[in-house]
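# Summary of structural features
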Protein chains: 2
Amino acid sequence: MKKIKVLTDFLEPNDAVARQNREIFKKHRVLVLNLMSSPGAGKTLILEKTIEKLKKGFKFAVIEGDVATSNDAKRLARYNIPVVQITTESFGGACHLDASMVKEAMQGLAFSSIQILFIENIGNLICPAEFDLGEDKKVIVLSLTEGEDKPSKYPVVFRNADLLLINKIDLLPQLDVNLNLILKNTKKVNPQLSSVMLSAKTEQGFKKWLNWLVREYKSKSKLI
Amino acid sequence: MKKIKVLTDFLEPNDAVARQNREIFKKHRVLVLNLMSSPGAGKTLILEKTIEKLKKGFKFAVIEGDVATSNDAKRLARYNIPVVQITTESFGGACHLDASMVKEAMQGLAFSSIQILFIENIGNLICPAEFDLGEDKKVIVLSLTEGEDKPSKYPVVFRNADLLLINKIDLLPQLDVNLNLILKNTKKVNPQLSSVMLSAKTEQGFKKWLNWLVREYKSKSKLI
């Protein structure tokens, strides 16, 4: 009980910092996406392929969140884009990013030369969903291998999301997973949530995600 | 910073309740296993198959932890064993089980007719690792689809575990995953951690896990 009360106290200053972050992103016309998933759902590979395919047209940066290691930051830095690593091991192993961590990471980025900023959150379907980072949109990556009932079992992250990427779709023939049931369970918790089925490995369905991203960027640029 | 301090305050009463739970388990000669994993790694299917295969020889019970739904409890109750569901949605959506939740769930179980109690923790590789529930052993389930670097990226859960089950091994031919690298990364964070590779779906490797379980039960019974 005590812990829950503290979490509520903690959310208010988080929201204030998230608003400050959002103002900075808006001022610099940067589209910011907060990517969330279970561990190993494929967020980093999706980012690698996205940056590779769009790097001629867009200037990217990544804020990379992990409990430990800078493995993912190293993978992304190979694309010659600015990458800032947040390792929460030094914050007591925090299980999510919060707006203050992002604010600190933002000090390392030159926003005048960034158009799209990805924040790769810590692999966790529960806690990250509660923390506004100042992003424009929240994107969940669900691996097909995780089964049909994740939207029902982790409702908050699905309820707050703007886009669902169902990854590892290439494994469909090998799995006893009912794709329609995933979509049906998703609609129950968030009827507005759009979804894209893709495989970061085979690139099947990948273009639909890229089109969504470009559309979001254009829509944000026009707003300002 | 504030949050970390509170988490420390919170752990002490948790450990006191965990000790009480442990005394009760010991008194009734019940082997208690705390199963942890990412969402969708296959904990429930592993339990279903385990109970099905050993139910003639052992009396099982399950405490089932989820943020929302009682889907998994329903799956397990079909085996005519006692199942108690903890749904943390009513505790502010807590991202892990704690010793007090388990203590409360224990009220619903008749320990005189239980030999092995499984506690299926909430799907999360970070927070559950910090909370002693009073269990004898901690078992991690890692899905092969999650990739090689999970032991390095989520070190606490691997460091505290007694057994690693690498599940969905039937998908090995379809994945670009290096099994030896998973084992090597595991050894780096926990050189003592034993591992069993299995597929709950095809039952490949399953016997090794059942042998481990029976051995643990015998070892606990003899100790008392």
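Here we summarise the structure given alongside this text. (Residues numbered from 1 in each chain as written. Chains lettered and ligands numbered in written order. Predicted model: local features only at pLDDT ≥ 70, side-chain atom pairs only at ≥ 80, totals over all residues. Heavy atoms only, no water.)

### Comments concerning the sheet that holds strand β1 (residues 31-37) of chain B
Residues and elements named next belong to chain B. We apply this condition: Only strands joined by at least two bridges in the DSSP assignment are considered to pair. Secondary structure follows DSSP: runs of H or I at least 4 residues long count as helices, runs of E at least 2 residues long count as strands, and numbering of each begins at the N terminus. Under this scheme, a helix contributes an axis fitted over its contacting stretch, all axes are lines through C-alpha atoms, and angles between N-to-C directions fall in the 0 to 180 degree range. Residue contacts follow a heavy-atom distance rule, with two residues in contact if any of their heavy atoms lie within 4.5 Å.
Reading across the sheet, the seven strands line up as β3-β2-β4-β1-β5-β6-β7 and stay open at both edges, with parallel pairing between neighbours. Unpaired on one side and paired on the other, β3 (83-87) and β7 (194-197) mark the two borders of the sheet. Recorded for the sheet is a direction-independent mean angle of 20° between the axes of neighbouring strands. Contacts from helix α7 (residues 179-189) reach β5 (137-143), β6 (163-167) and β7, with the element oriented near 160° to β6.

### What to know about the pattern of salt bridges
As a reminder of what qualifies: We define a salt bridge as a side-chain nitrogen of Lys or Arg found within 4 Å of a carboxyl oxygen belonging to Asp or Glu.
Under the definition given, this model contains 27 salt bridges over all chains. Through salt bridges with shared partners, a single network forms among Glu48, Asp66, Asp72, Arg75 and Arg78 of chain A together with Asp149, Lys150 and Lys153 of chain B.

### Quick notes on the nonpolar core
So the rule is basically this: What we call a nonpolar core is a set of buried Ala, Val, Leu, Ile, Met, Phe, Trp, Tyr and Cys residues that are connected through their side-chain atoms within 4.5 Å. In this scheme, a residue with accessible area under 20% of its type's maximum is buried, one over 50% is exposed, and one in between is partly exposed, where area comes from a 1.4 Å probe on protein chains only.
Of all hydrophobic cores here, the largest spans 90 residues; its most connected members are Ile63 and Leu117 of chain A together with Ile63 and Leu117 of chain B. When neighbours within four sequence positions are excluded, Ile63 of chain A is seen to be in contact with Val84, Ile86, Val102, Ala105, Met106, Leu109, Leu117, Phe118, Ile119 and Glu120 of chain A.

### Some points on unusual backbone geometry
All names here are of chain A. Of note, the phi angle at Lys168 is positive, near 65°, even though the residue is not glycine. By secondary structure assignment, the location of Lys168 is in the loop between β6 (163-167) and α7 (179-189). Residue classification places Lys168 among the buried residues on the basis of a relative accessible area of 13%. For Glu203, which is not glycine, the phi torsion reads 75° and is therefore positive. A residue is classified by how much of its surface remains accessible, and Glu203, at 29% relative accessible area, is partly exposed.

### What about the state of the cysteines?
All names here are of chain B. For the record, the criterion: We call a pair of cysteine sulfur atoms a disulfide when they lie within 2.5 Å.
Inspection of every chain in the model, using the stated rule, returns zero disulfides over all chains. Cys95 carries a free sulfur, and the closest cysteine sulfur to it, the one in Cys127, is 3.4 Å from it. Exposure remark for Cys95: the relative accessible area of 7% places this residue in the buried category. Cys127 gets classed as buried once you look at its relative accessible area, which sits at 8%.

### A closer look at the side chain of Thr88 of chain A
Residues and elements named next belong to chain A. Short version of the rule: Nitrogen and oxygen atoms within 3.5 Å of one another constitute a polar contact, given that in protein one can donate a hydrogen and the other can accept it, and given that sequence-neighbouring residues count only through two side-chain atoms.
Structurally, Thr88 is set in the loop between β3 (83-87) and α4 (99-106). At 2.7 Å, the side chain of Thr88 forms a polar contact with the backbone oxygen of Ala94. With sequence-adjacent residues up to four places away left out, Thr88 is seen in contact with Asp66, Val67, Gly93, Ala94, His96, Leu97, Met101 and Ile122.

### Topic: the pairing of β1 of chain B
Two faces, one strand: in a regular strand the side chains alternate between the faces of the sheet. Residue and element names in this part refer to chain B. Among the seven residues in β1, seven count as buried, and that is most of the element. Side chains of β1 alternate between two faces, with Leu31, Leu33, Leu35 and Ser37 and Val32, Asn34 and Met36 buried alike. In this structure, β1 lies alongside strand β4 (residues 116-120), joined through five bridges in parallel fashion. Within β4, the position partnered with Leu31 by the bridge is Ile116. The pairing of β1 with β5 spans five bridges and is parallel. Paired with Asn34 across the strands is Lys138, a residue of β5.

### Here's the deal with the side chain of Lys220 of chain B
All names here are of chain B. Within the secondary structure, Lys220 is located in helix α8 (residues 206-223). Judged by relative accessible area, Lys220 falls into the buried class, the value being 9%. Looking at Lys220, its side chain comes within polar contact range of the side chain of Asp136, at 2.9 Å. Residues contacting Lys220, with those up to four places away along its chain left out, are Phe25, Lys26, Val30, Leu31 and Asp136.

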